[in-house]
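Working through the structure, step by step
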Amino acid sequence: MPINKFITLESTYVPLPIENVDTDQIIPARFLKATTKDGFGDNLFADWRYNKDGSPKADFVLNKPEYTGSILVAGKNFGSGSSREHAAWAVDGYGFKVVVSSFFADIFRNNSLNNGVLPVIVSEAFLAELFAAGADNTIEVNLETQTITNKATGKSESFDINSYKKGCLLNGFDDIDYLMSVKDEIESYEQNRA
Amino acid sequence: MAGKTLFDKIWDMHEVKTIEDGPSVLYIDRHLVHEVTSPQAFAGLKARGIKVFRPQNTFATPDHNIPTINQHLPIADEVSRFQVDTLTKNCEDNNVTLFGLGHPKNGVVHVVGPENGITQPGMTIVCGDSHTSTHGAFGSIAFGIGTSEVEMVLSTQCIMQPRPKTMKINIDGKLEEGVSAKDLVLYVISKLTTGGGTGYFVEFSGSAIRNLSMEGRMTVCNMSIEMGARGGLIAPDEKTIEYVKGREYAPKGADWDAAVEKWKALVTDADAEFDKVYNFDAADIEPMITYGTNPGMGVGITQSIPTLDTVEEASQKTYLKSLDYMGYAPGEKMLGKPVDWIFVGSCTNGRIEDLRVFANAVKGKKKAEGVTAWIVPGSHQVEDQAIAEGLKDILEEAGFELRQPGCSACLAMNDDKVPAGKYSVATSNRNFEGRQGPGSRTLLAGPLTAAACAVTGVITDPRTL
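The rules behind these values
Residues numbered from 1 in each chain as written. Chains lettered and ligands numbered in written order. Predicted model: local features only at pLDDT ≥ 70, side-chain atom pairs only at ≥ 80, totals over all residues. Heavy atoms only, no water. Domains from an automatic or database assignment. Contact = heavy atoms within 4.5 Å. Buried area = accessible area lost by both parts, 1.4 Å probe. Salt bridge = Lys/Arg side-chain N within 4 Å of Asp/Glu carboxyl O. Polar contact = N/O pair within 3.5 Å; in protein donor to acceptor, adjacent residues only side chain to side chain. Helix = DSSP H or I, 4+ residues; strand = E, 2+ residues; numbered from the N terminus. Buried < 20%, exposed > 50% of the residue type's maximum accessible area, 1.4 Å probe, protein only. Pairing = 2+ DSSP bridges. Nonpolar A, V, L, I, M, F, W, Y, C, P; charged D, E, K, R; others polar. Right-handed = clockwise from strand over helix to strand, strands pointing away.

1. A word on the domain arrangement of chain B
Residue and element names in this part refer to chain B.
- Each assigned domain of chain B is listed with its residue range as follows: domain 1 (6–162 + 237–263), domain 2 (165–220 + 272–284) and domain 3 (290–464).
- On a C-alpha basis, the centroid separation for the pair domain 1 and domain 2 is 25 Å.
- With 14 residues of domain 1 at the interface, the matching set in domain 2 holds 11 residues.
- Both faces considered, domain 1 and domain 2 share a buried interface measuring about 1,000 Å² in area, 66% of it formed by carbon and sulfur atoms.
- When the buried area of domain 1 at its contact with domain 2 is split by residue, Phe7, Ala137 and Lys239 rank highest and sum to 43% of it.
- Across the domain 1-domain 2 interface, the total number found is two salt bridges.
- Between Asp237 and Arg217 there is a salt bridge, and its shortest N-O distance comes to 2.8 Å.
- At the boundary of domain 1 and domain 2, one finds five residue pairs in polar contact (both at pLDDT 80 or more).

What follows is the structure in C-alpha cells.
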C-alpha cells in the first residue's frame, strides 16, 4: 500500500516544550474504540486541547492561531508508553509530516515511520533554539541529504535514518510490500529451522 | 570470539534475513491479538485480498474494551460491542483461535498466553500491546508492536525490526519482607527513568530475580517497557519449566523432553558482553509508590517527593507540571496522603499470586470508609482459582468485590474510570495523566501496598500493617 512520499519540507512549526509526552496524551485510550484509521487527528492531545464540554483550551498551543505548520517540535522522550499506532494516526491525521525531538520512544518512532511521518532527532541545544524562536520561524527538513535547518539561526544538523527506511519514505513503499516480496525466503526458513 | 547473550541467541535463531543498513526480517513464533489494535490490520489484509498466513500461531482474546461486570449480557456501549464483534468476525474469517468474551480461557492477553502454555522459552512473541514484554519472563523475546506491524505478522508471520542493543540489569541479594517484584521493578525504573532503556533489550539477572516466582518475574518483565526498553527477559530455569509443564498448549511426551533439552541451553554465555550493565542490591529496596505522571517518578514509601533542586534545570518545568497535576508539592511526605480508589489487576499484577497477597493482607480487616476498590482478576482461570481458594470470600468479608476479568481501570477504555481529581493506588503499570480516566490521579504500587492503603484510606507502609 503506498504511503505518503517524502523528500523535502519547509514549514513553520508547533512547539510543545514538554518532556516525556506519552501516547495516552497524544491520543487518550477512550478514543481507541474505532475500527478504522480515520478521524484521530481531531482528538490529537485531546485532554490538553479541549475542556470537558469540548470547547478549546485557549492556552494550549494547538489552539493558538499564531502557531501553524506541518511540523511538531516536542520535548525529549516523545511518544513513550503504549504501542498504540493510533498516536501516529493522530499526528498524521492532524497534518503533521515531521516530528522533531531530542529523543523518541522506540515503538512510536517505528509507528511514525510506518505511516510516512518522519521522526527527526536533534541535539538538546538545537531543540532549545527551536523553542526559543518566534512563531513565524520555519524549519527545513531534507530527507535526501538527512539535514534539518533552523531558518532563524541558519544552523543545520544531520539526522540518522537507516537507508532501508529512507528508501521506503522516498519511494512511498511500506514494509508489508517488502515482506510479501520475500515470502519464498520466509517459507524456506520455516522448512529449514530446527 | 566473545560469547553470545541469551537475547542474541534467540534473535539469531529467528532471523530470516537482514537488510544492509536496515532492519532484520524476524520470524515470529506466537502472535497474540486483541480487539483494539487489530481491526485496521485485518482490514489491510482484506484490502490486499489475503488471509492470515499462519493462523495456527495466532491467538486472540478481547480484553481492553470489555466490561468487568455482567459479561453474560451484550456489551452496552455500541461502539465497543462493534469492536469486539469485529475481532470475532476477523478470527472466524481467518481460522484464528479466539478466546472470546465469556470463554473459560478469556482474559488479559498477557495473562492468557502464559497460563495456557502458549508462551514458551526461546520463542519470539509479539502483540499489538506494549506490555507484551511480560512473556520475556519465560526466556523469550517478546515485545509490543504497532498495528502496521500486526498487519505484517498476520500477512507473513514476520516483522521488520532493527536489532536493539543489549542491557543487563543484575539484582543480587534478598528482598526484605513486604517488598515485592513490583517494588523491585519500580525501584529500577526510578533509577533508570522512563527513557533509560530506550533502544535496548534488557536481560534481568541476579539472585533476587532467580528467587522470584514466575508471577513475580512476569511483573518485572511486564514493566520493562516503562523504562523505555524494547523488552525484558529472564533466562529459563527449573521454575520456568515447572510452570509450563502440563499446560494445554505446551509440548507433550517426547516433544516435551526435546523442548526442555533446548530450553536448558537458553543462557547468556559467561564471556558475552552487553552494551550496558546496571547492578543493584535488593536490600536497598523498600515498598515503592509513584508520586508523578510517569512510572519513573517513584520513591520508597517512607520517602518524600524529590525537591526541585534535584531535578535538572531543563526538566523542571515538566516536573512541576506533573506535580501540579497530582496536586502535590516538592518535598512532601508520601505517607498519610489520602487515597480514594484502589485498583488491583492488569497484566502487571492481576495474577493469582497478586490476589492472594491482597486477600491475605485484608483478611479480618475492613475496607476504609470512602475508598472505592476494584479487584479485577487477569483472566477467568485466575477468577476461578480465586474462588476455589476462598479468596473471594475473604475479599467479600472485608468489604471488597471481585469483578470479572479484563484490562479494566488500567487504561479505562471501558466504564471502569476513576473520577477526575481522585487519587487511585493502582497495581497497574502507568500513572500518566488521565490514564485511569480524564483527570484521574494514579499512584503505582504493588498489591501489598494497595492492601495497606485500602484498609487505612491513606498512603500506608505495608510493613506496618
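2. Points about the side chain of Thr198 of chain B
- With respect to the element layout, Thr198 of chain B can be found in the loop between α6 (181–192) and β10 (200–205).
- On the accessibility criterion, Thr198 of chain B (10% relative accessible area) is buried.
- In this structure, Thr198 of chain B is in contact with Phe103, Phe104, Ala105 and Asp106 of chain A together with Met227, Gly228 and Ala229 of chain B, ignoring residues within four places of it in sequence.

3. Brief notes about the sheet that holds strand β4 (residues 58–60) of chain B
- With parallel pairing, five strands are arranged side by side in an open sheet as β5-β4-β3-β6-β7 (chain B). Strands at the two margins of the open sheet, each flanked by one partner only, are β5 (97–98) and β7 (141–144) of chain B.

4. Examining the interface of chain A and chain B
- Opposite the 54 residues of chain A that make contact, chain B presents 68 residues.
- Across the chain A/chain B interface, buried area totals approximately 5,100 Å², and carbon plus sulfur atoms make up 56% of it.
- Where chain A packs against chain B, one counts seven salt bridges.
- Its salt-bridge partner being Glu185 of chain A, residue Lys17 of chain B comes within 3.3 Å of it at the nearest N-O pair.
- For the side of chain A that touches chain B, the elements supplying multiple residues, two or more each, are α1 (23–26), α3 (86–94), α4 (106–113), α6 (163–171), α7 (175–181) and α8 (183–192) of chain A.
- Tallied by class, residues from the side of chain A that touches chain B come to 21 nonpolar, 15 polar and 18 charged.

5. Notes on the pairing of strand β9 (residues 165–172) of chain B
Residues and elements named next belong to chain B.
- Where β9 lies against β10, six bridges are found, and the strand directions are parallel. The residue of β10 that forms the bridge with Lys165 is Tyr200.
- The β-α-β motif built from β9, the intervening α6 and the parallel element β10 has right-handed crossover chirality.
- Sheet topology note: the β9/strand β12 (residues 276–281) ladder contains six bridges and is parallel.

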